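A structural walkthrough
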Amino acid sequence: MSKNLRKLAVMLCAILLCIGSFAGFALADDEGTDADAAPVVLVPHNTVELSNREYPASESTSFVTLAASLAAVEFASQAEEEEAIINVPASAPAGPGDDVTVVEYTEIPVYVNGTDAGTAMKIGDSTYVPVGDFFEAIGVEYTSTWDQDSGTAVFTGGGVELSATAGERYFTANDRCFYTGEDIYNINGTIVLPVREMALCFGLDVQWDETDWTVGISGTPAALVPGSEYYDEEDLYWLSRIIFAESGNQSIEGMIAVGNVVLNRVEDPTCPDTVYDVIFDDEYGVQFSVTETGAIFLEPSEKAVIAAKIGLEGHNLVGDSLFFVNPDIGVSSWFVNTRTFVASIGDHDFYA
């Protein structure tokens, strides 16, 4: 992007901010979620050709594009054209050590049941929209609250109570847990989440058009079955305990992965067919040493329970893996010589 185009992009963002204020856009999803500004600014990485699109009328629902964050970013006038040097004004949100996280995004058109609903932002591999705007775009009335101490926003409507905390990689809905795979952002007081995961909470389908780079949401919103009815109580009880015993000191991804191995064994025809029986299987020797040490009976942490729920939702980070080992303390040669390596997550290697 040339210097002139960069300057033009910033000017357009400032104009969009002004227009947005008259079109009902806000920097918070609702008066009840008046969050403090987060140490995040957005930089346009690429823009999908939108010249032929028919934009919704001002009174129609449209996803916020967070132009305010864009307007706070200035490109250095002395930068070479091929460089991406960013000047963040003093008025921009600051984080630890006065650092600011710069996030690149691509603006993506979104359609709900064939109707233009505005634009979302593709950050990394996920397409994000403000939570409140998503509720409105699918025709669900909602209320919202904001907990300043925890950085958590709660949205309630359409038989769904959704809670999201900035910086985490999962959110909860009706006491169920959904893995986002990317950080949850609080951008200038607006909590944004990936479209696909939010759609799951309402039983909606999401289609990604690779050719046109558009997102399509289809279906009729339905109330989400609560966790108390969705999860098998015994499976959740034992899965959270094996996760905590084997990986309680790991990241959320490391804990999910361990749970994936147990659930993969439940589905494997050569293994027992319940979580409990997999954990305590000793047909070919003890499978998990924590059943001998007694660690399996420890009360699991909240994160271990969350990881178990995420696994029971079907989120899988290690494919068909049936084994995991810490190569620093376990015997790994058997795995290397006889199994197929899948991934390393935290302290564990995973093998199929």
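Refer to the structure presented above.
Residues numbered from 1 in each chain as written. Predicted model: local features only at pLDDT ≥ 70, side-chain atom pairs only at ≥ 80, totals over all residues. Heavy atoms only, no water.

As a further point, take the side chain of E107. If you trace the backbone, E107 turns up in strand β4 (residues 101-112). Polar contacts involving the side chain of E107 include one to the side chain of T119, which spans 2.9 Å. (Helix = DSSP H or I, 4+ residues; strand = E, 2+ residues; numbered from the N terminus. Polar contact = N/O pair within 3.5 Å; in protein donor to acceptor, adjacent residues only side chain to side chain.)

Attention now goes to the sheet that holds strand β17 (residues 341-345). Read across the sheet, three strands follow the order β16-β18-β17 without closing on themselves; strand pairing throughout is antiparallel. The two strands at the open ends of the sheet, each matched to only one other strand, are β16 (323-325) and β17. On average, each strand axis in the sheet is tilted by 25° relative to the strand beside it, whichever way the strands run. Pairing geometry for β16 and strand β18 (residues 348-351), over three bridges, is antiparallel. By the bridge assignment, V325 is partnered in β18 with D349. (Pairing = 2+ DSSP bridges. Axes fitted to C-alpha atoms, helices over the stretch in contact; angles between N-to-C directions.)

Okay, the pairing of strand β15 (residues 214-218) next. Within β15, four of the five residues are buried, which leaves it mostly tucked inside the rest of the structure. Taken together, the five bridges between strand β14 (residues 205-209) and β15 define a ladder with antiparallel strand orientation. Its bridge partner being in β15, W208 is matched across the sheet by V215. (Buried < 20%, exposed > 50% of the residue type's maximum accessible area, 1.4 Å probe, protein only.)

Turning to the side chain of T127, a few remarks are in order. On the secondary structure map, T127 appears in strand β6 (residues 126-130). Excluding residues that lie within four positions of it along the chain, T127 makes contacts with I108, A120, M121, K122, L193, P194, V195, W208 and V215. (Contact = heavy atoms within 4.5 Å.)

Our next topic: the packing of aromatic side chains. The final tally for this structure, using the stated rule, is 22 aromatic pairs. Aromatic pair Y230 and Y231: ring centres 5.3 Å apart, planes at 80°, arrangement edge-to-face. The structure contains a cluster of three or more aromatic residues connected by ring pairs, namely F134, F135, Y142, F155 and F202. Sitting above the plane of the Y230 ring, R176 keeps its charged end 3.6 Å from the centroid. A cation sits over an aromatic face here: R241 above Y237, 3.6 Å from the ring centre. (Phe/Tyr/Trp six-rings, centres within 6.5 Å; stacked < 30°, edge-to-face > 60°. Lys NZ or Arg CZ within 6 Å of the ring centre and 35° of its normal.)

Attention now moves to the sheet that holds strand β11 (residues 176-179). Read from one edge of the open sheet, five strands run β7-β8-β9-β10-β11, paired in antiparallel fashion. Across the chains shown, the open sheet's two edge strands, defined by having one partner strand only, are β7 (143-147) and β11. When the angles between neighbouring strand axes are averaged without regard to direction, this sheet yields 20°. In the sheet, strand β8 (residues 152-157) pairs with strand β9 (residues 160-165) via six bridges, with the strands oriented antiparallel. Within β9, the position partnered with F155 by the bridge is L162. Sitting on the sheet, helix α10 (residues 302-312) is in contact with β10 (170-173) and β11, with an inclination near 75° to β11.

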